[in-house]
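What the coordinates show
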Amino acid sequence: MKIKRLAHIGIACKDVEDAAKVFTDYLPLEKTSQDTVGELVTGFLPVGETSLELVQSTTPEGTMNKYIAKRGEGIHHIAFEVEDVEQACDELKAKGVPLTSDKPFDGAHGARVLFLHPKVTHGVLIELCQYPEGH
Ligand SMILES: CC[C@@H](C(=O)O)C(=O)SCCNC(=O)CCNC(=O)[C@H](O)C(C)(C)COP(=O)(O)OP(=O)(O)OC[C@H]1O[C@@H](n2cnc3c(N)ncnc32)[C@H](O)[C@@H]1OP(=O)(O)O
Ligand SMILES: [Co+2]
């Protein structure tokens, strides 16, 4: 597996637009995109070669709302960009690493994403993402 960079830090929030205001009012950051991906809304704020990814659920029982109900808003996951997420998935499976899905699925900005289960990563939910060429 080749890791290219820390792609983003995912932050669980109740409302992307509200949360973005804090980061753009208190810090010199800019929200450069907002997209809906399945039941999630994401907002990206670039910081050097990485980004903050604000993530909100659009349904009461959605992933982020479930997380927020248990732990409150805050850092939810860290995402590493990999060269080949299918290969990374095969490698992790061969090592017996528990994943949250059987295979990579669609993420924001055309990425394919895969998550290692936080129970084996010292409580840190780790995303691996592969972006399309030219991203
Ligand atoms: C927007 C697209 C994409 C991108 O392009 O970047 C994204 O970032 S999507 C982000 C949201 N999607 C995901 O997080 C998908 C992967 N996550 C999951 O599949 C689930 O959330 C989970 C990690 C399997 C947990 O779901 P579930 O088992 O149903 O929830 P529980 O509340 O019962 O949690 C079990 C256990 O895991 C702990 N947990 C849950 N979330 C996290 C977390 N973010 N970080 C650390 N630990 C987490 C939770 O506290 C429970 O622990 P115990 O209480 O000790 O059992
Ligand atoms: Co993410």
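Relevant structure appears above.
Below: a short report on this structure. (Residues numbered from 1 in each chain as written. Chains lettered and ligands numbered in written order. Predicted model: local features only at pLDDT ≥ 70, side-chain atom pairs only at ≥ 80, totals over all residues.)

Notes on the site of ligand 1
Note the cut-off: Any residue whose C-beta atom, as placed from the backbone, lies within 6 Å of a molecule or strand is termed near it. Secondary structure elements follow DSSP: runs of H or I no shorter than four residues count as helices, runs of E no shorter than two count as strands, and numbering proceeds from the N terminus. Gly is placed with the polar residues, together with every amino acid not listed as nonpolar (Ala, Val, Leu, Ile, Met, Phe, Trp, Tyr, Cys and Pro) or charged (Asp, Glu, Lys and Arg).
Residues in close proximity to ligand 1 total 25 residues, the closest being Thr100, Gly107, Ala108, Pro118 and Leu125. When contributions to the shell around ligand 1 are tallied by element, the ones reaching two or more residues are β3 (40-47), β4 (50-57), α2 (63-71), β5 (74-82), β7 (112-116) and β8 (126-130). In terms of residue class, the shell around ligand 1 is made up of 12 nonpolar, nine polar and four charged.

Re the sheet that holds β5
Put simply, the test is: For two strands to be treated as a pair, DSSP must find at least two bridges joining them. Two residues qualify as being in contact provided that their C-beta atoms, derived from the backbone, are within 7 Å of each other. Here an angle of 0 to 180 degrees is reported between the N-to-C directions of two axes, which are lines fitted to C-alpha atoms, with helices fitted over the stretch in contact.
The strand order β2-β3-β4-β1-β5-β8-β7-β6 describes an open sheet built from eight strands, whose pairing is mixed. A single partner strand is all that each edge strand has here, and the edge strands are β2 (33-37) and β6 (105-106). Across eight bridges, the pairing between strand β1 (residues 3-12) and β5 is antiparallel. Note that in β5 the partner of Ile11 across the bridge is Ile75. Together, β1, β3, β4 and β5 form the strand contacts of α2, whose direction differs from that of β4 by roughly 90°. Strands in contact with helix α3 (residues 85-94) are β5, β7 and β8; relative to β7, the strand with the most contacts, it is inclined by about 20°.

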